[in-house]
Amino acid sequence: MGKKFVLAPDSFKESLSAIQACQAMTRGILAVFPDADICSFPMADGGEGTVDALLQTLGGKRIDLTVSGPLVKEQVRAYYGWFPKQQLAVVEMAKANGLELLASSKRNPLCTSSYGTGQLIRHALNQGAKRIILGLGGSAINDGGAGMAQALGLSFIGQDQQILPAGLSGGTLAEVSALDVTALDSRLAQTEIILACDVTNPLLGSSGASQIFGPQKGATAQMIPILEENLKHYARLLQQAVGRDVALQAGAGAAGGLGASLLALTNAQWQLGSNLIADLLDLEGAIKNADYVFTGEGRIDGQTAFGKVPLGVANLAQKYNKPVYACVGQIDQGSAKLYQAGITAIFSLVPGPISLPDALAQGAVHLETTVENICRLLASSQAPSLTFRP
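Small disclaimer: the values here were computed from a predicted structure and weren't measured. (Residues numbered from 1 in each chain as written. Predicted model: local features only at pLDDT ≥ 70, side-chain atom pairs only at ≥ 80, totals over all residues. Heavy atoms only, no water.)

Undergrad: Where do I start with the nonpolar core in this structure?
TA: In this structure, Tyr80, Leu134, Leu136, Phe156 and Tyr234 are the most contacted members of the largest nonpolar core, which totals 58 residues. Those residues in contact with tyrosine 234 that lie beyond four places of it in its chain are Asp143, Gly144, Gly145, Ala146, Ala149, Leu154, Phe156, Leu173, Leu179 and Ser261. Listed in part, the 37 residues of the second largest apolar core include Phe41, Met43, Leu281 and Ala341. (Core = buried A, V, L, I, M, F, W, Y, C linked by side-chain atoms within 4.5 Å. Buried < 20%, exposed > 50% of the residue type's maximum accessible area, 1.4 Å probe, protein only. Contact = heavy atoms within 4.5 Å.)

Undergrad: Is there a simple way to explain the sheet that holds strand E1 (residues 4-7) in this structure?
TA: Two strands in a sheet stick together by hydrogen bonds in their backbones, pointing the same way (parallel) or opposite ways (antiparallel). Read from one edge to the other, the open sheet built from five strands follows the order E2-E1-E11-E12-E13, with strand pairing classed as parallel. Here the strands that pair on one side only, and so sit at the sheet edges, are strand E2 (37-40) and strand E13 (345-348). Each strand axis lies, on average, 25° off the axis of its neighbour in the sheet, ignoring direction. Bridge count between E1 and strand E11 (residues 292-300): three bridges; the pairing is parallel. Among the inter-strand pairings, leucine 7 is bridged to a residue of E11, identified as phenylalanine 294. (Pairing = 2+ DSSP bridges. Helix = DSSP H or I, 4+ residues; strand = E, 2+ residues; numbered from the N terminus. Axes fitted to C-alpha atoms, helices over the stretch in contact; angles between N-to-C directions.)

Undergrad: Help me out: how do you make sense of the packing of helix H2 (residues 50-58) against helix H9 (residues 273-281) in this one?
TA: When two helices pack together, you describe them by how their axes are tilted relative to each other and by the distance separating the axes. Close contact between H2 and H9 brings their axes to 10 Å; oriented N to C, the two are set at 10°. By the angle between their axes, H2 is roughly parallel relative to H9. The two elements H2 and H9 meet at a crossing, and its hand is right-handed. Taking contact as the criterion, the partners of Thr50, Leu54, Thr57 and Leu58 in H2 are, on H9, Ile277, Leu280 and Leu281. Looking at the contact of H2 with H9, its residues break down into five nonpolar, two polar and no charged. (Parallel < 35°, antiparallel > 145°, perpendicular 65-115°, else oblique. Left-handed = near helix turned anticlockwise from the far one by under 90°. Nonpolar A, V, L, I, M, F, W, Y, C, P; charged D, E, K, R; others polar.)

Undergrad: Teacher, can you tell me more about unusual backbone geometry here?
TA: Note on backbone geometry: most residues besides glycine have negative phi, and most peptide bonds are trans. Of note in the backbone geometry, alanine 255 takes a positive phi value of approximately 55° without being a glycine. Among the structural elements, alanine 255 can be located in helix H8 (residues 254-265). Look at alanine 255 and you get buried, because its relative accessible area is 10%.

As structure tokens, this is what we get:
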């Protein structure tokens, strides 16, 4: 048996899934080490790719259904992972209400809703889930999770004392005068809910959902104060209804404030997504016995040090003094601090001046080539030294 490689990349957004990244890395390694022992762990941090990563590695069943998309009147096909032995459902909110489901021209957080995510959770409860991991990331919404809460039975009372229709959005929260929790799905209280994400932002304020993430979802400068005020209003109503003030709680601002509703209405616990996935896959056990570890993501920068996949992989490898090579689409300022976290070297996939569309389209080829080049360097360092005689 040859050298043991552990592959633990995140997805390369708009280019490669984590599974495809593992496949490209494998081809690069085998070109140099044909007898290599390769263990692939497609990774995620709670955002896009979380469900697929766990289904690929742990098995389980993919449950497909039609739910409301980011625009509640538009239906989308979504799915979640079901692991019957553990009575575990892994739900990725981006599958129902993700930003990538909307064309750029339709991205407007005043109009988008998390209702479809609530439909996924309700279906998982009907399936018999006693534990739900909810991946928060890549959302198109800024409704504080109100739409999701509606799908789970929370009633929103309007100014006319009538129950508001399904599909509340970031722009319609101001219409709510009170909340009625009496019809909230009682199974939520007996279900372990883990919020998996890579951000700890609160719901409100300068580092909150609207101001930090709103622009990414299409919010203009004029929209942000409206979204902020509406979330503030919703947070007050939640506190009045259930006695919990989640406005400044860490993680409440994740996924357009979806975290706020679950932290207020259930016993949900927040957990760093990359660490959670690593634990479920027993990545540490594989790294402990590896010779080399490869990771990667679309862009590595200062934010990576706050809980992205490469950081989590590096932390595990550092415990066992294993070398870690990060292959990324782009290297930004602030990435140097990751060397102290355990990453041995960082390599950009880009071979030269190239347009972004071409770089994304050729991601697999560039990743394979980069990994092959790293492996050639590793192979040369293992070769016996040659003595030249005159």
